Amino acid sequence: MGLFKKKYLIHIIVWVTFQSIGIASNYFRLQNYEVDLLDTFLTVFPNIVIFYLSFYLTFKFLNKQKWPFFLAAEVLLFIFYLGLFYIIGEYISPLLNPSAEIPPLMLTSFIIDGLWSFLVYSFYSFGYYFAETSIKKERQLRISEEARFSLEQQQQLQKQENLLLQQEKLQLENDFLRSQINPHTLHNILNMLYSKSIKADAPDLADAIMLLSNLMRYSLESATDSNGRVPLEKELEQINNTIKMNQLRSSNKFHIDFKVTGDPGSARVIPLILITLVENAFKYAELNEPAYPLQLHITVVDTSFVFYMHNKKKTVVIHETSHGIGIENTRQRLKAAYGNDGYDIRITQNDQYYTFHLTIHDLNKQVETIHTAVKNELATT
Amino acid sequence: MITCLFLDDELHSIELLEIYASRMPQLHIAATFTDPLLAAEAMKTQSFDLVFVDQQMPHITGIDFIQQHRGQAKFVLTTAYTDLNTSGLENDIIDYLVKPFPFSKFEAAIQKAAQWLPAKQDFTTPL
């Protein structure tokens, strides 16, 4: 309500000011000019009417690109304008001001003068129309831009929150699993089995139990640092344990070519990435042909890391129950830890062979985790 | 000769320690207990160089047991836990063996102990 009233008020003020300037100009320019407000109003009134009607026509037709309608309407408007002047000049003016002297009507100048002021006020009207619409458009654009921006921000935040929730869910599931298989109970049992096997003088059995214990301990409670990393050396040791365990199962019949080049030194890596890959290899690789051993080659140069795996495919893959840790999960974990361009996975394969190439360009690289990013975001909003 | 006491509520753990100890002639097993209270009694009357203590026992934890007998011997904590807080006991606990542990780890613990234990004076050695 306030906005409308304000708008009308502004229009009235502008018209009054505009006409006042016209009167003032006449007053100073012409001699014997008498200020006649009524006469001025009667002269100006048709112009104001034309201004708003023209505005309406522009809005109605020009806005919708209906040029013929617009022109026809303007011509009609002009005739209406002349008619208005005629009625005012011939009938209304004498009625309101009987004493005034009315000049006789000169048709040609009446039409020419009328056309002139009609055009002037129509142009004012166009100018006003275009100014107003462009301001309006700009404001709408700004508002929609702002709306879109805040929507995008919200969606982004929502997405991150979802990720966070998903992570928390996974963590909960993991914690639940861990509580189900209490690691201490598990290790106490393995310890008991180990003692018994030593007592029974069965060193192979004892070794197998020890391996199992190490593997379980590593995957259930691998102690990561604050950046979620473990010493690379530990991870390599676990690959060794995984290989040993599988060799025990196969009575040392598997053909595996495991090689580490370079010194892992104090390098650190996110845990269970390599183990997952190696375990996959034991599922899908042909291991019984001496000519085609499973090749596992690891190269560490300073902080760059390459894991190369090449194998002949098993002709028949027995589908063991999957633990759901596929290559996609590996990718996501690598991406979260080292960023999109911090690692590179190349897989080449055909019917017979499978080659997997993982490069981590810089093991020391840290990427801000989703957790911290979202927490910061939530803290600021 | 290093005089040892083995304390673990599970008998098979003690048996394993005995098997390992039998491979090291410098070790003398003076006593073994599955009950911490009996072990505490023994420590009042006898002196030991090295005490192997299990962490998870009924009535008392290994760490509490070590707390109560600080200075009386050196200790090796055996446990299935990897995340124990042993701060303040650095001078008492020589090593920390995570179960199950192979002989090599046991051997390393004994060698560490041999360095820590002061050269024994003759009058403390039982004849």
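Rules behind the numbers
Residues numbered from 1 in each chain as written. Chains lettered and ligands numbered in written order. Predicted model: local features only at pLDDT ≥ 70, side-chain atom pairs only at ≥ 80, totals over all residues. Heavy atoms only, no water. Helix = DSSP H or I, 4+ residues; strand = E, 2+ residues; numbered from the N terminus. Buried < 20%, exposed > 50% of the residue type's maximum accessible area, 1.4 Å probe, protein only. Areas by Shrake-Rupley, 256 points an atom, 1.4 Å probe, with all protein chains shown as cover. Expected span 1.5 Å × (residues − 1). Bend = angle between axes of the 7 residues up to and from the residue. Core = buried A, V, L, I, M, F, W, Y, C linked by side-chain atoms within 4.5 Å. Contact = heavy atoms within 4.5 Å. Salt bridge = Lys/Arg side-chain N within 4 Å of Asp/Glu carboxyl O.

Draft legend 1. The arrangement of the overall build of chain B in detail. Looking only at helices and strands, chain B has 4 helices and 5 strands in total. Taken from N to C terminus, the helices and strands of chain B fall in the order β-α-β-α-β-α-β-β-α. When burial is assessed residue by residue, chain B has 47% of its 127 residues classed as buried. On chain B, roughly 6,500 Å² of surface is accessible, and the fraction owed to carbon and sulfur atoms is 52%.

Draft legend 2. Helix H3 (residues 67-96) of chain A, seen in detail. Residue and element names in this part refer to chain A. Taking 1.5 Å per residue as the helical rise, H3 with its 30 residues ought to reach 44 Å, and the 40 Å between its terminal C-alpha atoms agrees with that figure. At Ile88, H3 shows its strongest bend, of approximately 40 degrees. Turning to H3, its buried residues number three or more, namely Phe70, Ala73, Glu74, Leu77, Phe78, Tyr81, Leu82, Leu84, Phe85, Ile88 and Ser93.

Draft legend 3. Just the nonpolar core, in detail. Ranked by size, the top nonpolar core spans 36 residues in total, and within it Leu232, Leu274, Phe305, Phe307, Leu334 and Leu358 of chain A carry the most contacts. For this core, the elements supplying multiple residues, two or more each, are helix H7 (232-249), helix H8 (273-284), strand E4 (294-301), strand E5 (304-312), helix H9 (327-338), strand E6 (343-349) and strand E7 (353-360) of chain A. If one sorts the elements of this core by residue count, H8 of chain A sits on top with 7 residues. If we ignore the near neighbours within four places in the chain, the residues touching Phe305 of chain A are Leu232, Leu274, Ile298, Thr299, Val300, Leu358, Thr359, Ile360 and Leu363 of chain A. One finds Tyr194 of chain A together with Cys4, Tyr20 and Leu50 of chain B within the second-largest nonpolar core, a separate group that totals 29 residues.

Draft legend 4. The pattern of salt bridges, seen in detail. Residues and elements named next belong to chain B. Using the criterion set out here, one finds 12 salt bridges over all chains in the structure. Where Lys99 meets Asp8, a salt bridge forms, and the shortest distance between an N and an O atom there is 2.8 Å. Highlighted residues: Lys99 in the loop between strand E5 (93-98) and helix H4 (103-116) and Asp8 in the loop between strand E1 (2-7) and helix H1 (11-22), separated in sequence by 91 residues. Grouping residues by exposure puts Lys99 and Asp8 together as buried. Between Asp54 and Lys99 there is a salt bridge; the shortest N-O distance is 3.0 Å. Here the residue Asp54 occupies a position in strand E3 (residues 50-54), and Lys99 occupies one in the loop between E5 and H4, the gap between them amounting to 45 residues.

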